[in-house]
Amino acid sequence: MEAIVDQTAKVDPMNKVNTELSKENPEAHDLSGLETVGIPFTDTAKMSMRDVNVFYADKQAIFDVSLDIGQNEVLAMIGPSGCGKSTFLRCLNRMNDTIDICSVQGSLKLEGQDIYDPKLDVVPLRARVGMVFQKPNPFPKSIYDNVAYGPRIHGLVNRRTDLDEIVETSLQKAGLWKEVRDRLHSPGTGLSGGQQQRLCIARTIAVSPEVILMDEPCSALDPIATAKIEELIAELSENFTIAIVTHSMQQAARVSHRTAYFHLGKLVEVNETEKVFTNPDHKLTEAYITGRFG
Amino acid sequence: MNTSTLLVTIIILIAVAYILGRGRSLVLADASKGGFRNLNSLPFYYGTLTALWCGIPSLILVGVWLIMDGSIIDQLLIKSFPAEVTTLPPSELGLILNTVKNIAAGNMVGSDTQPYMTQAAQSLKNINQTSQMAMTVLAISVGILLAAFSWWRIRPEQKARLQVEGAFKFFLLACSCLAILTTIGIVFSVIFESIKFFKTVPITDFLFGLQWSPQMAIRADQVGSSGAFGAIPLFVGTLLISFIALVLAVPVGLMSAIYLSEYASPRVRTYVKPLIEMLAGIPTVVYGFFAALTIAPLLRDGGAWTFEFLGLQMSISSESALAAGLVMGVMIIPFVSSLSDDVISAVPQSLRDGSLGLGATKSETIKQVVIPAALPGIVGGVLLAASRAIGETMIVVMAAGLAANLTANPLESVTTVTVQIVTLLVGDQEFDSPKTLSAFALGLMLFTVTLALNYFALHVVRKYREQYE
Amino acid sequence: MTPSPKTPNTMDVVNKNLAKRYRKEKMFRFYGIASISFGLLCLLFLFTDIIGKGHSAFFQTYVKLPVVMSADALGITDVNDPHQIAGGNYQGVLKQALRERFPEVTDRRGKRALYGIVSNGAGYELRALVENNPDILNTSLDVWVLADDDIDTYVKSRSSREGAYTGRFTEQQISWIESLIESGNVEERFNTTFFTAGDSREPEQAGIRGAMMGSLFTLLVTLALSFPIGVAAAVYLEEYAKKNKFTDFIEVNINNLAAVPSIIFGLLGLAIFINFFEMPRSIPLVGGFVLTLMTLPTIIISSRAAIKAVPPSIREAAMGIGASKMQVILHHVLPLAMPGMLTGAIIGMAQALGETAPLLMIGMVAFIVDVPSGITDPSTVLPVQIFLWADSPERAFVERTSAAIMVLLGFLVVMNALAVWLRKRLERRW
């Protein structure tokens, strides 16, 4: 119940943004005929979304978004709060299913397979498309059990030694192994915020997903922890496809290959990251990255 | 004047005091310049202050008088008895006192009334009248005097509002201290009688004895004349029935809570939840009736049929622990389910998201993330349920047995602590026989155990809540 | 830019295990549904059992007898003397009527069995008839009189599947009843006695009026004490109390008292009110005291919640214009919190209405025939009446017990519905 309230509350700020914008930026009014500019599509698409619309009850949160996420690409999604970037991200592994009033329309495909096919099973989908959340949410279990949770529920291993190996490699990949190797069996909630978030990343990659979705993974962390996670993202992109929602433009600039700019539920511009931050195609993008609103 | 007329008189006096006090403050305000802006407080407060001075002391006086006069009059009466009567043991003296009171009330003109008794009855009537008269005069004069004093003291600069608000706050504080007083009252009422009991029966015999038969023999030379007060069979019986209840209630209650909070649609929840909670609103005496007249015979007959079918030499007693335990379990289901519901919904959604995001199914998420996270709260809830089962009275009084069998077989009849308390204390009691006093010792045990369970459980639940706040 | 070599492998394993995992998911869901169904079935079973047993108690068997109201037989010499009319031998007239109806019965034993057909309280009905209309004296008339409980049970169970319950009846007795039924002299009527009479040893004369009045008086005392005290305590804890050890101690006490077994409150009442203050046993006043102490925690807790729900902005607004603390509380906080506090009070009263165990301890379990007329008259209460009847061996008391339970549950449903309605109606959303 509470989750529903939370989520709708997240959508509500749209109105606030709307009024704020109208004061500062008159051209923000006219979004009706907006066409996405830049290069939303790639040849090596891992996931491809076309004309996606998302509603919370009768309130529309996402308008006609079409976008590809390429194989082994890091795609950053930026935009003012309430622009729908998190909502869009949560559609990609159907986390929005947990919210009763949320409905998704359009075509969303993972390697050509429609992920909103009613016959499709969300459990293996989420094993393929993992997610890291805004606030570190380690389970109230030991560090080891946190990482081993995914492999255990999916039945990936039969032997203890195999599990140990997965836990170790996942923690290594998440850059946490050295810090926790001596206390694998102490509670995951006892770690610092940054460590907790890396633990959550380790927990996600222990299932060997193909795509990792990250919803503002550093927003609750200090700059040093943030730097570590960013490094990690760069390394992970060798093996995984990553979509990251971020509030920080610097972070998007540092870690991503392409950047998508969302505004009031619409996708305004998608371009090579460098281009977005140096010479954006759209006026709204420019206004945002130069800090005129956000 | 009888007591209720006196009370009405005092209330009238209070009203008069209020009007007079308020009037005087208005007069004072008018006399000095500036009208009643000159007053420190509103006239209402001056009136109230006078009324309080009038009413509270005299009401307290009446209360104390009513509590005290009984025993003082008894003492006076006993002094008036002939010397050989005064030296009788207290129980016989009490009987004589009762006879005298009955004669005075005109209830009884028995055959064995002796002259000193009729005499005493006459003097009792006189004393009663005097006492009533004295109380009336004293209460009314105290009220009037203090009201007059307070009325005379009224000055424009008097801080009437602060004084009234102080009294208000004191009243509120006194009311909240009633909770402490109740606890103290409980402790004292069970401890004093228990101490008396432990003087006749050693505490170790009570706590560790295996034999319970509190019926004292009438003749001293009868077998087992001392009665046996070993409470172990009662503890075992209580635990057995509570255990059966919890074995039923905990899984069913927990699963209902999980289903309702995690799976059911809001529509189903709005209809089903109150229905389940209705089970908690049914009075326990109804469950007792249901257990004794429906479930117990059902089990007995069903058991007889089954055992015959299986060719076993067994039977289910018609006062079996099983029947009482099962019905008690049904009663506790909503208790467990609403407590579990609370703690389960306190588990943050982010943990569920984390698990679902890894591709866990809903049941895996619940079993491996939500329940472990909610475990301290659930344990606290189960402990509270256990405390309720241990203290439950009517179901066991009506459906469980009276004989103290030391057994762990749920098909047999057992008795419980609460059953024994009720049996020992219903009807006339003599407060000097260990039989009656043993009920208070059992009450002490019951209070101690449930208090410990409650305290511990509430502590666990509070700690758990803080964790996710 | 090649996919991880592990990927296809992982997905194969995941898919392979899916079926098993979904079976478990289904099982888990099934356990949930089964648990809820179990709870609901218990509720349904309980209600059908009680209603099935109790509905027949609302009707009572009456027997029609041709009675000769002979003044001689009644022992009345002066029709205008109410004493004589009140003291008439009505039961004798009824016996005479029975003997005439079944002249074949001659032996003493048979006669005694025959007299057992009508209730031994049936004479009072005749008396009432004569008192209302003395003209019927020395006439003969057909009178419907209350049948004995065994007859009642027999008549009610005649049409049941298990066949009639004959109990200790002899063939002869059954033949009498059957002959009465055949001649249309037996009738089921609405059982007004049940609602107008006090307790009785005879099931057919027993009613719940006394217990209902006792419950009413007890609840009045409880409400009059527990509501003001509970609200005052809640106000103190929410508005005045500083966060210190003493306040914590009060709170711990309240929370613990809420979970103390009710029978302990009975021990408290017995030791303090009855033993120490020497108050009389079995009276609603003492029962009310005990139930007050028992329901106080409930009322305090719900009143605190209601006070907490009043937004601080209201308090600040009032204080901002110079209202004192007491004025803020009396003028703003309490009126706004009143619906919530009333709801809590009703729920507390419902709890008190169903409570039995502590009242047994203070002697409200006595057999009391008279309907109480005040808070100091000896009385019993509805749940205790149920307990007493449930213990009675007569079969006819089973249906009366169930009927009394139906009445009790009816009151509880009404009270809870009232609480829900009040909450819905007066609830304010901030």
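It should be emphasised that the depicted structure is a prediction, and the values quoted were computed from it without experimental measurement.

## Observations regarding the overall build of chain B
Reasoning step 1: A tally of helices and strands in chain B yields 16 helices and two strands.
Reasoning step 2: Taken over C-alpha atoms, the radius of gyration comes to 32 Å for chain B, far larger than the 23 Å a tight globule of 469 residues would show.
Reasoning step 3: Across the 469 residues in chain B, those meeting the buried criterion constitute 48%.
Reasoning step 4: Accessible surface, chain B: about 22,200 Å² in total, of which carbon and sulfur atoms supply 67%.
Reasoning step 5: Of the side chains in chain B, 27 bear a positive and 27 a negative charge, and the two mean positions are spaced by 16 Å.

## Remarks on the domain arrangement of chain C
Frequently, the measure chosen for interface size is the accessible area removed from exposure when the parts meet.
All names here are of chain C.
Reasoning step 1: Annotation of chain C at the domain level lists domain 1 (56-191) and domain 2 (209-426).
Reasoning step 2: Using only C-alpha atoms to locate each centre, domain 1 and domain 2 end up separated by 45 Å.
Reasoning step 3: Taken together, the contact pairs 10 residues of domain 1 with seven residues of domain 2.
Reasoning step 4: One can count one salt bridge joining domain 1 with domain 2.
Reasoning step 5: The leading source of residues in the side of domain 1 that touches domain 2 is helix 7 (residues 149-157), at four residues.
Reasoning step 6: Of the residues belonging to the side of domain 1 that touches domain 2, the class tally is three nonpolar, four polar and three charged.

## Looking at the interface of chain A and chain B
Reasoning step 1: Contact with chain A, which involves 25 residues of that partner, is made by 20 residues of chain B.
Reasoning step 2: For the pair chain A and chain B, the two sides together bury roughly 1,800 Å², of which 62% comes from carbon and sulfur.
Reasoning step 3: Connecting chain A to chain B are one salt bridge.
Reasoning step 4: Residue Arg90 of chain A pairs with Asp353 of chain B through a salt bridge whose shortest N-O separation is 3.6 Å.

## Section: unusual backbone geometry
Residues and elements named next belong to chain A.
Reasoning step 1: Of note in the backbone geometry, Asp64 takes a positive phi value of approximately 45 degrees without being a glycine.
Reasoning step 2: Counting through the fold element by element, Asp64 comes out in strand 3 (residues 59-70).
Reasoning step 3: On the accessibility criterion, Asp64 (49% relative accessible area) is partly exposed.
Reasoning step 4: One non-glycine residue, Ser208, adopts positive backbone phi at about 50 degrees.
Reasoning step 5: Its location among the elements puts Ser208 in the loop between helix 8 (193-205) and strand 8 (211-215).
Reasoning step 6: Owing to a relative accessible area of 12%, Ser208 belongs among the buried residues under this scheme.

## Digging into the packing of helix 2 (residues 43-80) of chain B against helix 5 (residues 115-153) of chain B
All names here are of chain B.
Reasoning step 1: Remark: helix 2 packs on helix 5, axes separated minimally by 9 Å, with the N-to-C direction vectors making an angle of 160 degrees. Judged by the inter-axis angle, helix 2 sits roughly antiparallel to helix 5. Considering only the axes of helix 2 and helix 5, their crossing is right-handed.

## Considering helix 8 (residues 232-263) of chain B
All names here are of chain B.
Reasoning step 1: Its 32 residues give helix 8 an end-to-end C-alpha distance of 45 Å, which sits within 8% of 46 Å, the value for a rise of 1.5 Å per residue.
Reasoning step 2: Taking the largest bend as the criterion, helix 8 deviates by roughly 25 degrees, centred on Ala249, and proline Pro251 comes between one and four positions later.
Reasoning step 3: Within helix 8, 25 of the 32 residues are buried, which leaves it mostly tucked inside the rest of the structure.

## Details of the UniProt feature "transmembrane region" (unreviewed entry) in chain B
Reasoning step 1: Under the local residue numbering, the UniProt record ascribes the feature "transmembrane region" (unreviewed entry) to residues 45-68, 133-154, 166-192, 234-260, 280-299, 320-340 and 437-458 of chain B.
Reasoning step 2: From the first C-alpha to the last, residues 280-299 of chain B spans 23 Å; its make-up is 90% helix and 0% strand.

## A short note on the pattern of salt bridges
All names here are of chain A.
Reasoning step 1: Per the counting criterion, the structure on display carries 31 salt bridges over all chains.
Reasoning step 2: A salt bridge links Arg254 to Glu230; the shortest N-O distance between them is 2.5 Å. One end of the pair, Arg254, is in helix 10 (residues 249-255); the other, Glu230, is in helix 9 (residues 223-236), and 24 residues separate them in sequence.
Reasoning step 3: Using a relative accessible area of 54% as the deciding quantity, one classes Arg254 as exposed.
Reasoning step 4: Taken together, the salt bridges that share partners define one network made up of Lys46, Glu111, Arg128 and Glu210.

## Some points on the interface of chain C and chain B
Reasoning step 1: Tallying the contact residues gives 77 residues for chain C and 84 residues for chain B.
Reasoning step 2: Buried surface at the junction of chain C and chain B, summed over both partners, amounts to about 7,000 Å²; 78% is from carbon and sulfur atoms.
Reasoning step 3: Inspection of the region where chain C meets chain B yields one salt bridge.
Reasoning step 4: The salt bridge partner of Arg21 of chain C is Glu364 of chain B, with a shortest N-O separation of 2.7 Å.
Reasoning step 5: Our enumeration of links across chain C and chain B arrives at 12 residue pairs in polar contact (both at pLDDT 80 or more).

## Describing the UniProt feature "transmembrane region" (unreviewed entry) in chain C
Residue and element names in this part refer to chain C.
Reasoning step 1: UniProt tags residues 28-47, 211-237, 257-277, 283-307, 328-353 and 403-422 as "transmembrane region" (unreviewed entry).
Reasoning step 2: Across residues 328-353 one finds 100% helix and 0% strand; the C-alpha atoms that close the span lie 34 Å apart.
Reasoning step 3: When the span residues 403-422 is considered, its composition is 100% helix and 0% strand, and the gap between its end C-alpha atoms is 28 Å.

## Some words on the confidence of the model for chain C
Residue and element names in this part refer to chain C.
Reasoning step 1: Residues with a pLDDT of 70 or more make up 97% of chain C, whose mean pLDDT is 86.
Reasoning step 2: Scored below 50 in pLDDT, residues 1-7 shows seven contacts in the model against residues more than four places distant or in partner chains.
Reasoning step 3: For this predicted complex, the interface confidence score (ipTM) comes to 0.89, while the overall pTM stands at 0.83.

## Concerning the domain arrangement of chain B
Reasoning step 1: Taken domain by domain, chain B comprises domain 1 (3-158) and domain 2 (228-467).
Reasoning step 2: For domain 1 of chain B versus domain 2 of chain B, the distance between C-alpha centres works out to 49 Å.

## A word on the UniProt feature "domain: ABC transmembrane type-1" (unreviewed entry) in chain C
Reasoning step 1: In the numbering used here, UniProt assigns the "domain: ABC transmembrane type-1" (unreviewed entry) feature to residues 212-419 of chain C.
Reasoning step 2: Between the end C-alpha atoms of residues 212-419 of chain C there is a gap of 21 Å, over a span that is 77% helix and 0% strand.

## With respect to helix 5 (residues 143-154) of chain A
Residues and elements named next belong to chain A.
Reasoning step 1: By the criterion of burial, helix 5 is predominantly enclosed, with 10 of the 12 residues buried.
Reasoning step 2: Those residues of helix 5 not exposed but buried are Ile143, Tyr144, Asn146, Val147, Ala148, Tyr149, Gly150, Pro151, Ile153 and His154.
Reasoning step 3: After helix 5 finishes, the residue Gly155 shows a positive phi value of roughly 65 degrees.

## Concerning the pairing of strand 11 (residues 266-272) of chain A
All names here are of chain A.
Reasoning step 1: With six of its seven residues buried, strand 11 lies for the most part within the structure.
Reasoning step 2: In terms of strand pairing, strand 1 (residues 37-38) meets strand 11 through two bridges, oriented parallel. Counterpart to Val37 in the pairing with strand 11 is Glu269.
Reasoning step 3: Two elements, strand 10 (residues 258-263) and strand 11, share six bridges in a ladder whose sense is antiparallel. Its bridge partner lying in strand 11, Ala260 is registered against Val270.
Reasoning step 4: Here strand 10 folds back onto strand 11, and the loop between the two strands holds two residues, one of which, Leu264, carries a positive phi near 50 degrees.

## A few points about a positive patch on the surface
Reasoning step 1: Taken together, the side chains of Lys367 of chain B together with Lys16, Lys20, Arg23 and Lys24 of chain C present a region of like positive charge at the surface.
Reasoning step 2: Within the secondary structure layout, Arg23 of chain C lies in helix 1 (residues 7-54).
Reasoning step 3: Take Arg23 of chain C: its relative accessible area is 52%, and that puts it in the exposed class.

So, how was this worked out
Residues numbered from 1 in each chain as written. Chains lettered and ligands numbered in written order. Predicted model: local features only at pLDDT ≥ 70, side-chain atom pairs only at ≥ 80, totals over all residues. Heavy atoms only, no water. Helix = DSSP H or I, 4+ residues; strand = E, 2+ residues; numbered from the N terminus. Rg over C-alpha atoms; globule rule 2.2 N^0.38 Å. Buried < 20%, exposed > 50% of the residue type's maximum accessible area, 1.4 Å probe, protein only. Areas by Shrake-Rupley, 256 points an atom, 1.4 Å probe, with all protein chains shown as cover. Lys, Arg positive; Asp, Glu negative; His and termini not counted. Charge placed at Lys NZ, Arg CZ, Asp CG, Glu CD. Domains from an automatic or database assignment. Contact = heavy atoms within 4.5 Å. Salt bridge = Lys/Arg side-chain N within 4 Å of Asp/Glu carboxyl O. Nonpolar A, V, L, I, M, F, W, Y, C, P; charged D, E, K, R; others polar. Buried area = accessible area lost by both parts, 1.4 Å probe. Axes fitted to C-alpha atoms, helices over the stretch in contact; angles between N-to-C directions. Parallel < 35°, antiparallel > 145°, perpendicular 65-115°, else oblique. Left-handed = near helix turned anticlockwise from the far one by under 90°. Expected span 1.5 Å × (residues − 1). Bend = angle between axes of the 7 residues up to and from the residue. UniProt positions renumbered as here; feature names shortened; annotations may be inferred. Polar contact = N/O pair within 3.5 Å; in protein donor to acceptor, adjacent residues only side chain to side chain. pLDDT = per-residue confidence, 0-100. Pairing = 2+ DSSP bridges. Patch = residues over 30% accessible without salt bridge, like charges linked within 9 Å, V, L, I, M, F, W, Y side chains within 5 Å.

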